[in-house]
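Residues per chain, in single letters:
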Amino acid sequence: MSDLNNTLPNIPWEDRPAGSSAVIWRYSANPIIPRDLIPSANSIFNSAAVPFNGTFAGVFRCDNQKREMNLHRGFSQDGITWQLDNDPIEWLSDNPEIGRYQYRYDPRVVWIEDRYWVSWCNGYHGPTIGLGYTYDFEQFHFLENALLPFNRNGVLFPRRINGKYVMLNRPSDNGHTPFGDIYLSQSYDMIFWGQHRFVMGTRGGWQSTKIGAGPVPIETPEGWLLFYHGVLTSCNGFVYAFGAALLDLDEPWRVIYRGAPYLLSPQTYYECVGDVPNVAFPCAALVDPPSGRVAIYYGGADTVTALAFCQIDEILAWLKTNSQA
Ligand code: BMA
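Undergrad: Where do I start with the site of the ligand in this structure?
TA: As a structural note, the neighbourhood of the ligand is formed by Asn46, Arg61, Tyr105, Asp106, Tyr240, Val276, Val279, Phe281 and Asp302. Among the detected pockets, the ligand sits in the largest pocket. Grouping the amino acids of the shell around the ligand by side-chain chemistry returns 5 nonpolar, 1 polar and 3 charged.

Undergrad: Just to check I follow, could you spell out empty space enclosed by the protein for this structure?
TA: Here the idea is plain: a probe the size of a water molecule rolls over the atoms and shows the empty space left. By the definition in use, this model includes 2 cavities of 30 Å³ or more. Counted as a void, the second largest cavity has a volume near 30 Å³. Residue lining of the second largest cavity: Trp91, Ile98, Gly99, Arg100, Arg104, Trp120, Asn122 and Phe142, and that is the complete set. Among the secondary structure elements, those contributing two or more residues to the lining of the second largest cavity are α1 (96-99) and β8 (115-123). Tallied by class, the residues present in the lining of the second largest cavity amount to 4 nonpolar, 2 polar and 2 charged.

Undergrad: Looking at this structure, how should I read the layout of surface pockets?
TA: Roughly 560 Å³ of internal volume is contained in the largest pocket. Lining the largest pocket are 23 residues; nearest its centre among them are Tyr105, Arg152, His176, Tyr240 and Asp302. Residue assignment for the lining of the largest pocket shows that the elements contributing at least two residues are β7 (104-112), β11 (151-156) and β18 (237-247). Counted by class, the lining of the largest pocket contains 10 nonpolar, 7 polar and 6 charged residues.

Undergrad: Sorry, what's going on with the sheet that holds strand β20 (residues 280-288) here?
TA: Note: strands within a sheet are paired through backbone hydrogen bonds, in either parallel or antiparallel orientation. The 4 strands are arranged β1-β22-β21-β20 in an open sheet whose pairing can be described as antiparallel. The sheet terminates laterally at β1 (24-26) and β20, the two strands that pair on one side only. Direction aside, the axes of adjacent strands within the sheet are offset by 25 degrees on average. When β20 meets strand β21 (residues 293-300), the two strands line up antiparallel, connected through 8 bridges. In the sheet register, Val287 faces β21, and the bridge partner there is Val294. Lying over the sheet, helix α3 (residues 312-322) contacts β1, β20, β21 and β22 (304-311), oriented at roughly 80 degrees with respect to β22.

Undergrad: Is there a simple way to think about the packing of aromatic side chains in this case?
TA: For any pair of aromatic rings, geometry is given as the distance between the ring centres together with the angle between the planes. Per the counting criterion, the structure on display carries 25 aromatic pairs. Considering the side-chain rings of Tyr116 and Phe137, the 5.1 Å spacing of their centres and the 65 degrees angle between planes classify their relative orientation as edge-to-face. Of the two residues, Tyr116 sits in strand β8 while Phe137 sits in the loop between β9 (127-134) and β10 (140-145), which places them 21 residues apart along the sequence. Note on accessibility: Tyr116 and Phe137 belong to one class, buried. Ring pairs connect the aromatic residues Phe52, Phe75, Trp91, Trp111, Tyr116, Trp120, Phe137, Phe140 and Phe142, which therefore count as one cluster.

Undergrad: How should the sheet that holds strand β13 (residues 182-187) be read in this particular structure?
TA: The strand order β11-β12-β13-β14 describes an open sheet built from 4 strands, whose pairing is antiparallel. A strand with exactly one partner marks an edge of an open sheet, and here the two such strands are β11 and β14 (194-200). Averaged over all adjacent pairs, the angle separating strand axes in this sheet is 30 degrees, with direction ignored. Bridge count between strand β12 (residues 165-171) and β13: 5 bridges; the pairing is antiparallel.

Calculation criteria
Residues numbered from 1 in each chain as written. Predicted model: local features only at pLDDT ≥ 70, side-chain atom pairs only at ≥ 80, totals over all residues. Heavy atoms only, no water. Near = heavy atom within 4 Å. 1 Å grid on protein atoms, 1.4 Å probe; cavity = no way out; pocket = protein on both sides within 12 Å on 5 of 7 lines; lining within 4 Å. Sits in = over half its atoms within 2 Å of the grid points. Nonpolar A, V, L, I, M, F, W, Y, C, P; charged D, E, K, R; others polar. Points joined across faces, edges and corners; volume = space filled by probe spheres on them. Helix = DSSP H or I, 4+ residues; strand = E, 2+ residues; numbered from the N terminus. Pairing = 2+ DSSP bridges. Axes fitted to C-alpha atoms, helices over the stretch in contact; angles between N-to-C directions. Contact = heavy atoms within 4.5 Å. Phe/Tyr/Trp six-rings, centres within 6.5 Å; stacked < 30°, edge-to-face > 60°. Buried < 20%, exposed > 50% of the residue type's maximum accessible area, 1.4 Å probe, protein only.

Read these as layout, nothing more, since geometry by itself doesn't imply function.
Structure follows, in structure tokens:
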């Protein structure tokens, strides 16, 4: 987790391939989760893993064979080989109007203070940010939608900042949004969100159409390390790559560094071929602060789940030499 004092010695890890100088590298046995890991699934991608009682737990986006989008619970001993429930998570909710299911996708999970918080893209008359929590990965509670439609990529910071919960988000439209900048919103109680701030907007090339926060930001002494996806519109449609930025620790809407090149773009078979070609979409990162190791979970081609690795100090050094903030 991004608490600087937490350690995660059993973080999934594979050394950089011999002879490579890449700042980020893929797991050699990708994808770690095939599209058919559970019988009900059409595809399993854009998913989130967290440390859990010495092992790992997660919330997974599973599109079923009716092509309904939903969230499933999973457990893993090593963060690489996963067991997923065949049925979706049932969210407990006091309010039938709010709790009614339309669709759920692209979850993020984060430990804050006393529980695991889950945010996702929730269907409520269009996509918006659903918010819930679990203490134990047994019972899951749905609170309320944090924001109005249309919004996607709601990502919580792993601790309060200046006394407030903070959530990155990306206002959008009801379709395959052709625009999109990253904002943040603040809350004292996880229910009422306000004090919205602009964080950063689109740029040229790989991040020219829209951008959106990826994994929960990682706290470093120099700032919040944010991995985010960027989209380019090619003559063959959208291309989803991801890069990194560093945000100010106390005022996280201030961008300190922002990498101009992407870190990882869809280039392997499982990123280029699938239900939606040319997508690498990160939704979670595990970190072991003492070793600086980071393991990033990302969806490949809206079909499978993959892992990539990097080192915090190398990403920070890369940001400093490749930044156009
Ligand atoms: C976005 C989201 C993601 C998906 C991506 C590419 O709008 O729906 O879940 O990975 O498109 O299809």
